[in-house]
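So you can see what is in the structure, the chains are spelled out below.
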Amino acid sequence: MTTNRPYGDGCAIATALDHVGERWALLIVRELLLGPKRFTDLQAGLPNAGPKVLAQRLRELEGAGVVRRRTLPPPAASQVYELTEWGTALDPVVVALGHWGALAPERSSDPVSADSAMIRLRSLFSPQPERPWSATYEMRLGRYRFTLRVADGHLVDVRRGEPHDRPDTIIDSDPDTLSRVLGDHRAFAKAVTDGRLTITGDDQSGRRLFDAAQNFDAAQNFDAAQNKAINV
């Protein structure tokens, strides 16, 4: 149990909050959804948490069975944090909270992390089996690299790190720009024109990726947002 003050309520919702209800806990889970991270990488994704608070939350989440530590094999041999199987089950919960938060009366203008932007892209992607295509993408967001793979119009893989093989398309941007262009055709077009988002390699596959993530505008379509959150 991570919270310092348990609710003392037998409801499963209260039990969940007893484990992940402390400040920063769910954002740590968000930062680990796409794969393990070192402590310094978690700090980079959550710069306002502070190292002491971050270390405390990680200890609590580890004790609760949500997070575990693992040492990477040589030559890296560094210690990373990753979600347990139970922790990974929070994925749809975090995504649904993101959809709900996007409907807030006043949208935040604060910066987002690279992982947050990628999770947003993954959650907004609408499969297009009627217009199938397959491609591997490398997403470059500053110093961060991610691999995406579409097969027959379905987004089948989103993970941290560069592709093992040469990608069909390379997309270069930054987390804030990527997050803001999703679901907004005009913002996407302007980002491309301004050079804040570039597509190299297979341009058609690159644009199809964003087309598939334009079908849902969480800020303007309340009914679609509710259905998306419920059906994740």
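Scroll up a little and you will see the structure.
This one's a predicted model, so the numbers in the text were calculated from it and none came from an experiment.

1. Comments concerning the sheet that holds strand E5 (residues 154-160)
Here comes step 1: Taken in spatial order, the 5 strands make up an open sheet running E5-E4-E3-E6-E7, and their pairing is mixed. Two strands lie at the open edges of the sheet, namely E5 and strand E7 (198-201), each paired on one side alone. Ignoring which end each strand starts from, the neighbouring axes of this sheet average 20 degrees apart.
Here comes step 2: Judged from the 5 bridges that link them, strand E3 (residues 135-141) and strand E6 (residues 169-173) form a sheet pairing that is parallel. Residue pairing in the sheet places Glu-138 in a bridge with Ile-170 of E6.

2. What about the pattern of salt bridges?
Here comes step 1: In the structure shown here, the tally under the stated rule is 18 salt bridges.
Here comes step 2: Between Arg-70 and Glu-82 there is a salt bridge; the shortest N-O distance is 3.1 Å. Of this pair, Arg-70 sits in strand E1 (residues 67-71) while Glu-82 is found in strand E2 (residues 79-83), placing the two residues 12 residues apart along the sequence.
Here comes step 3: For Arg-70, a relative accessible area of 31% corresponds to the partly exposed category.
Here comes step 4: Look at Glu-82 and you get buried, because its relative accessible area is 12%.

3. Comments concerning a nonpolar patch on the surface
Here comes step 1: Among the surface-exposed residues, Tyr-7, Ile-13 and Leu-17 lie close enough to one another that they form a single nonpolar patch of about 330 Å² accessible area.
Here comes step 2: Within the fold, Leu-17 resides in helix H1 (residues 12-20).
Here comes step 3: Judged by its relative accessible area of 36%, Leu-17 falls in the partly exposed class.

4. Regarding the environment of Thr-193
Here comes step 1: Secondary-structure assignment places Thr-193 in helix H9 (residues 185-194).
Here comes step 2: Sequence-wise, Thr-193 and Phe-39 are 154 residues apart; in three dimensions their C-alpha atoms are separated by 37 Å.
Here comes step 3: A distance of 2.9 Å separates a polar side-chain atom of Thr-193 from the backbone oxygen of Ala-189.

5. Details of helix H4 (residues 51-63)
An α-helix turns once per 3.6 residues; consequently, residues spaced three or four apart project the same way.
Here comes step 1: Its 13 residues give H4 an end-to-end C-alpha distance of 18 Å, which sits within 8% of 18 Å, the value for a rise of 1.5 Å per residue.
Here comes step 2: Residues of H4 that are buried: Leu-54, Arg-57, Leu-58, Glu-60 and Leu-61. Along the axis of H4, the buried positions cluster into a sector of 165 degrees, meaning they face one direction only. In H4, the exposed positions that point more than 90 degrees away from the buried face belong to Lys-52 and Gly-63.
Here comes step 3: Packing partners of the buried residues in H4 comprise H1, helix H2 (25-32), helix H3 (39-45), E1 and E2.

6. Section: the environment of Arg-145
Here comes step 1: As for its placement among the helices and strands, Arg-145 is situated in strand E4 (residues 144-151).
Here comes step 2: A relative accessible area of 25% means that Arg-145 is categorised as partly exposed.
Here comes step 3: Along the primary structure Arg-145 and Leu-182 are separated by 37 residues, whereas in three dimensions their C-alpha atoms are 18 Å apart.
Here comes step 4: Beyond its immediate stretch of four places on either side in the chain, Arg-145 contacts Glu-138, Met-139, Arg-140, Arg-160, Gly-161 and Glu-162.

Calculation rules
- Residues numbered from 1 in each chain as written.
- Predicted model: local features only at pLDDT ≥ 70, side-chain atom pairs only at ≥ 80, totals over all residues.
- Heavy atoms only, no water.
- Pairing = 2+ DSSP bridges.
- Helix = DSSP H or I, 4+ residues; strand = E, 2+ residues; numbered from the N terminus.
- Axes fitted to C-alpha atoms, helices over the stretch in contact; angles between N-to-C directions.
- Salt bridge = Lys/Arg side-chain N within 4 Å of Asp/Glu carboxyl O.
- Buried < 20%, exposed > 50% of the residue type's maximum accessible area, 1.4 Å probe, protein only.
- Patch = residues over 30% accessible without salt bridge, like charges linked within 9 Å, V, L, I, M, F, W, Y side chains within 5 Å.
- Areas by Shrake-Rupley, 256 points an atom, 1.4 Å probe, with all protein chains shown as cover.
- Polar contact = N/O pair within 3.5 Å; in protein donor to acceptor, adjacent residues only side chain to side chain.
- Expected span 1.5 Å × (residues − 1).
- Arc of directions from axis to C-beta.
- Contact = heavy atoms within 4.5 Å.

Shape descriptors only; they carry no functional weight alone.
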